[in-house]
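Coordinates in review
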Amino acid sequence: MADVSLKNIYKSFGKTEVIHGINCDIKDGEFVAILGPSGCGKSTVLRMIAGLEVITAGEIAINDEIVNQLEPAERDIAMVFQNYALYPHMTVYKNMAYGLKIRRMSKAEIDERVRNAAKILELTEFLDRKPRQLSGGQRQRVAMGRCIVREPKVFLFDEPLSNLDAKLRVQMRLEIRNLHEDLKITSIYVTHDQVEAMTLGDRLIVMDNGYAAQIGSPLEVYEHPATKFVAGFIGSPAMNFLNARLSPNGDSVEIPGNVKLPLENGSSSEHAGKEVILGVRPEHFKPARDEAATLHLTVDHVELLGADTLVYGRFTDDKTLSTLRLSDVQHLDKNTKLPLTVPPPKIHLFDRETGNRIGR
Ligand SMILES: Nc1ncnc2c1ncn2[C@@H]1O[C@H](COP(=O)(O)OP(=O)(O)OP(=O)(O)O)[C@@H](O)[C@H]1O
Ligand SMILES: [Mg+2]
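Small disclaimer: the values here were computed from a predicted structure and weren't measured.

**Looking at the overall build of the chain**
In terms of regular secondary structure, the chain is built from eight helices and 21 strands. Overall, the C-alpha framework of the chain stretches about 75 × 45 × 35 Å when taken along its three principal axes. Within the span of the chain, comprising 360 residues, buried residues form 49% of the whole. Within the chain, contacts between residues at least 6 apart in sequence are counted, and of these 65% link residues at least 24 apart. Accessible surface for the chain amounts to roughly 17,700 Å². Of this, 49% is attributable to carbon and sulfur atoms. Between the averaged position of the 45 positive side-chain charges in the chain and that of its 48 negative side-chain charges there is a distance of 6 Å.

Printed below as a string of structure tokens:
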């Protein structure tokens, strides 16, 4: 069991700095998902925790012991990769036992740990099979089994499910969550899949280009994204962004076309009168009643998804396509005009220059 603390972590490859100061205290037993687009530095952070990359500056501590100088094997960490290579000529049992054997553990102890892990992962009946006689999901479980038997202080996962098909991914996601509930081993899980991160993580570290743009629970990140980047990255379909201006007294936001959306009290006095970006999630538009607070969406096309409907269209004076999600099936013709509004608590505002969130 272990706390993991990242203090001002930097990483450069040659002259190029790719991680620009990450801070995060991960509590014992916590499941933290590192989420972000390709190339933002997720694997690099994980590999530094594992000891596979040297840390350029900063400190990584496990249970208050600074591990910067420790070899990977001394850190008591187990890592599951996307390309987990099982030994093809060994049975499932031997694949799981191998790491313990080279640590010279006794046969009896190895046997107990392997059988126990196989039970947790429901692999008992496959212990005598070779990897090629298993499905993708079963192989993935063997890869996790190899880590579990080591009883590490920390589990690190780097996109472990991305080679699996969509259905299996959902199933394995649940299994990983259940496993975590059982074992309560501190886990750090890298993914670019926001659904995976949101469903697995107690907390998320959302990374943007080598920075931690936001660290928070899945709901905090969804409801109060700290930057426009986070807002656009979390949520599917993505949040809509419109150019807008705060009213001189900061109590409403004005959109071209004479639309004024009222804001919750005291949202943003210091930005009063300034150009801002208004963010609205597709699921947060409501039918409008008050004409002054009505955005008119001209329908371009509609996707009927069965349970709900996605409507793509353009607001007056706006060239980009916006998305509206309706929680039922609706057939709408092209060029239909929909009068919409946004309830004040669902309005997100971002600074046009910095992209930082304005207000609460
Ligand atoms: N050994 C290396 N030498 C030089 N640059 C590297 C090295 N490893 C990674 N980088 C660079 O560091 C940045 C972060 O890479 P990293 O692998 O951490 O991204 P990632 O978020 O894991 O992306 P992905 O989702 O594609 O796996 C990238 O710009 C990458 O090109
Ligand atoms: Mg990666």
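Anyway, onward from the coordinates.
**Focus: the side chain of Ser252**
Relative to the assigned elements, Ser252 resides in strand E12 (residues 252–255). The buried category is assigned to Ser252, whose relative accessible area is 7%. Residue contacts for Ser252: discarding those within four places in its chain leaves Arg245, Leu246, Ser247, Lys260, Leu261, Pro262 and Leu263.

**A few points about the sheet that holds strand E2 (residues 16–26)**
The strand order across the open sheet built from four strands is E2-E1-E4-E5, with neighbouring strands paired in antiparallel fashion. At either end of the open sheet lies a strand with only one pairing partner, and these are E2 and strand E5 (65–66). As paired strands, strand E4 (residues 57–62) and E5 are joined by two bridges and run antiparallel to one another. Opposite Ala61, over in E5, you have Ile66 as the bridge partner. Lying over the sheet, helix H1 (residues 42–50) contacts strand E1 (4–13), E2 and E4, oriented at roughly 115° with respect to E1.

**Observations concerning the site of ligand 1**
Taken together, Phe13, Val18, Pro37, Ser38, Gly39, Cys40, Gly41, Lys42, Ser43, Thr44 and Glu159 form the complete shell of residues around ligand 1. Take Cys40: an N or O atom from its main chain is 3.2 Å from an oxygen atom of ligand 1. Within the complex, 55% of the 640 Å² of free accessible area of ligand 1 lies under protein. The element best represented in the shell around ligand 1 is H1, accounting for three residues.

**Details of the nonpolar core**
In terms of nonpolar packing, the biggest core is built from 36 residues, with Met96, Val114 and Ile176 touching the most fellow members. Residue assignment for this core shows that the elements contributing at least two residues are strand E6 (77–80), helix H2 (92–101), helix H3 (107–120), helix H4 (136–148), strand E7 (154–158) and helix H5 (166–183). Taken domain by domain, the makeup of this core includes at least three residues from each of domain 1 (1–76 + 152–236) and domain 2 (85–151). Apart from residues lying up to four places away in sequence, Ile176 is in contact with Phe31, Met144, Phe157, Leu161, Tyr189 and Leu200.

**Here's the deal with the domain arrangement of the chain**
Partitioning the chain into structural domains gives domain 1 (1–76 + 152–236), domain 2 (85–151) and domain 3 (238–358). Using C-alpha coordinates to define each centre, domain 2 is positioned 53 Å away from domain 3.

Conventions we followed
- Residues numbered from 1 in each chain as written.
- Chains lettered and ligands numbered in written order.
- Predicted model: local features only at pLDDT ≥ 70, side-chain atom pairs only at ≥ 80, totals over all residues.
- Heavy atoms only, no water.
- Helix = DSSP H or I, 4+ residues; strand = E, 2+ residues; numbered from the N terminus.
- Buried < 20%, exposed > 50% of the residue type's maximum accessible area, 1.4 Å probe, protein only.
- Contact = heavy atoms within 4.5 Å.
- Areas by Shrake-Rupley, 256 points an atom, 1.4 Å probe, with all protein chains shown as cover.
- Lys, Arg positive; Asp, Glu negative; His and termini not counted.
- Charge placed at Lys NZ, Arg CZ, Asp CG, Glu CD.
- Pairing = 2+ DSSP bridges.
- Axes fitted to C-alpha atoms, helices over the stretch in contact; angles between N-to-C directions.
- Near = heavy atom within 4 Å.
- Polar contact = N/O pair within 3.5 Å; in protein donor to acceptor, adjacent residues only side chain to side chain.
- Core = buried A, V, L, I, M, F, W, Y, C linked by side-chain atoms within 4.5 Å.
- Domains from an automatic or database assignment.

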